[in-house]
Amino acid sequence: MSTAAAAGLKPSAVVDLLHDRGFGPFTGVPCSFLGPVITCLEAEHPQDYVIAANEGEAVAIAAGARLAGRRPVVILQNSGLGNTVNPLTSLCHTLRLPVLLFVTWRGRPGNPDEPQHELMGEITPSLLTTMGIRNELLPDDQARLAERLDAADEHMTATGLPFAFIVPKGAIAPYPKPAEPSTSGPGLMLRAAAISEVVGAMDPRTLLVATTGKTARELERDFDRPENLYVVGSMGCASSVALGVALHTEGRPVAVLDGDGAALMRLEAMATIGRQRHTSLTHILLDNEAYESTGGQPTASAGVDFCAIATACGYRATYDVSDADGLRDAVRRAQQDGGPQLIRVRIAPGSDPRLGRPALRPPQSATRFMEAVSR
């Protein structure tokens, strides 16, 4: 392998190669393995990248672009491949709308990764094959990638079906991320500080569900307790998990620590939560306008009024806060008044670079939480 290949493909070279062959626009949900490509697109071709809320939506956007005569590219982490099954099989396959997929390979067998990536890592190539999607490992040099892009294009033209490149860790070299002006305002709390204020203000009997990523990791590091459930993987599902707990738990307040990217990925959950007006669920949405765990790529939350959405969905009350005093007051009032309530907390991006991985194995976390619920 050449030195250039060992260092990974340059993201700008990958993007230029795709553009030279007529591919684009690009859409998807970030993964750290492909984060440099997304950062390159945002810096050099911002008009050519659409931030999608979930991977299935990205495939549907790409299908529409194909109908409009474009040759779209979808970028996604393999953990979100399940979200694409319906649009890939019942939309792209049915209408014969070929889209080019770049699917990262978290949990690749023989490469240690987090527990939530283990199963999907084992089945990624076979799942794509089962869906009738020809797939192969992303080449590790530019000349070979050019050849395989031509082969992928020929396959899509001949069959009308998608084609997928599977992207292993380190396949893409870093991209020098330009400094970005903060859009979230000065003096905002970091997520860890916001979590501290929530825990300090909430009823100590609260059953607390934390979304995947750094939210769960910071909660476990700083405030581990049996009444905490750390949702690992399944991005966007924490609020629905919390609703399920709240619907079947008597006399205990329930809260969920959600994130903006996660909430957008499963925005329909708010419609279901809002209908259950008798629950004691407090929905706390920590909004830093970024997919921080994958490299800080922006979410679409800056233009979203989560409180208006919650109100329209039937939440009893909403709060939009950006400081510690407002957050503490909102948590106390929400738990006192009951009913599904939303607290949007505007926070600053950033976290402790020394933040470790969860100490508890996911099954241990679930078992301990179930025991706490039953007490």
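Residues numbered from 1 in each chain as written. Predicted model: local features only at pLDDT ≥ 70, side-chain atom pairs only at ≥ 80, totals over all residues. Heavy atoms only, no water.

### Considering the environment of leucine 137
Next up, step 1: Structurally, leucine 137 can be placed in strand S5 (residues 134–137).
Next up, step 2: The spatial distance from the C-alpha of leucine 137 to the C-alpha of threonine 104 is 9.7 Å, given a sequence separation of 33 residues. (Helix = DSSP H or I, 4+ residues; strand = E, 2+ residues; numbered from the N terminus.)

### Things to note about the packing of aromatic side chains
Describing an aromatic ring pair means giving the distance of the ring centres and the angle of the ring planes.
Next up, step 1: Evaluated as defined, the whole model comprises 2 aromatic pairs.
Next up, step 2: Ring centres of phenylalanine 163 and phenylalanine 165 lie 5.1 Å apart, and the angle between their planes is 65°; this geometry places the pair in the edge-to-face category. This pair shows no difference in class: phenylalanine 163 is buried, exactly as phenylalanine 165 is. (Phe/Tyr/Trp six-rings, centres within 6.5 Å; stacked < 30°, edge-to-face > 60°. Buried < 20%, exposed > 50% of the residue type's maximum accessible area, 1.4 Å probe, protein only.)

### Quick look at the packing of helix H8 (residues 191–201) against helix H9 (residues 214–223)
Next up, step 1: Look at H8 against H9: their axes get within 10 Å of each other, and the N-to-C directions meet at 60°. Our classification of the angle between H8 and H9 gives oblique. Like other packed secondary-structure pairs, H8 and H9 cross with a definite hand, here right-handed. Contacts between H8 and H9 pair Arg191, Ala192, Ile195, Ser196 and Val199 from the former with Lys214, Thr215, Glu218, Leu219, Arg221, Asp222 and Phe223 from the latter.
Next up, step 2: A breakdown of the residues in the contact of H8 with H9 according to their chemical character gives 5 nonpolar, 2 polar and 5 charged. (Axes fitted to C-alpha atoms, helices over the stretch in contact; angles between N-to-C directions. Parallel < 35°, antiparallel > 145°, perpendicular 65-115°, else oblique. Left-handed = near helix turned anticlockwise from the far one by under 90°. Contact = heavy atoms within 4.5 Å. Nonpolar A, V, L, I, M, F, W, Y, C, P; charged D, E, K, R; others polar.)

### Things to note about the confidence of the model for the protein chain
Next up, step 1: For the protein chain, the average pLDDT comes to 93, and 96% of its residues sit at 70 or higher.
Next up, step 2: For the stretch residues 1–5, pLDDT sits under 50, and the model shows 4 contacts to residues farther than four places along the chain or on other chains. (pLDDT = per-residue confidence, 0-100.)

### Concerning the sheet that holds strand S14 (residues 341–346)
Next up, step 1: Spatial ordering of the open sheet is given by S8-S7-S9-S10-S14-S13, a layout of 6 strands whose pairing is parallel. Single-partner strands in this sheet number two, and they are strand S8 (228–230) and strand S13 (317–321). Here the average twist between neighbouring strands, direction ignored, is 15°.
Next up, step 2: Bridge count for strand S7 (residues 207–210) against strand S9 (residues 254–259) is 4 bridges, and the pairing is parallel. (Pairing = 2+ DSSP bridges.)

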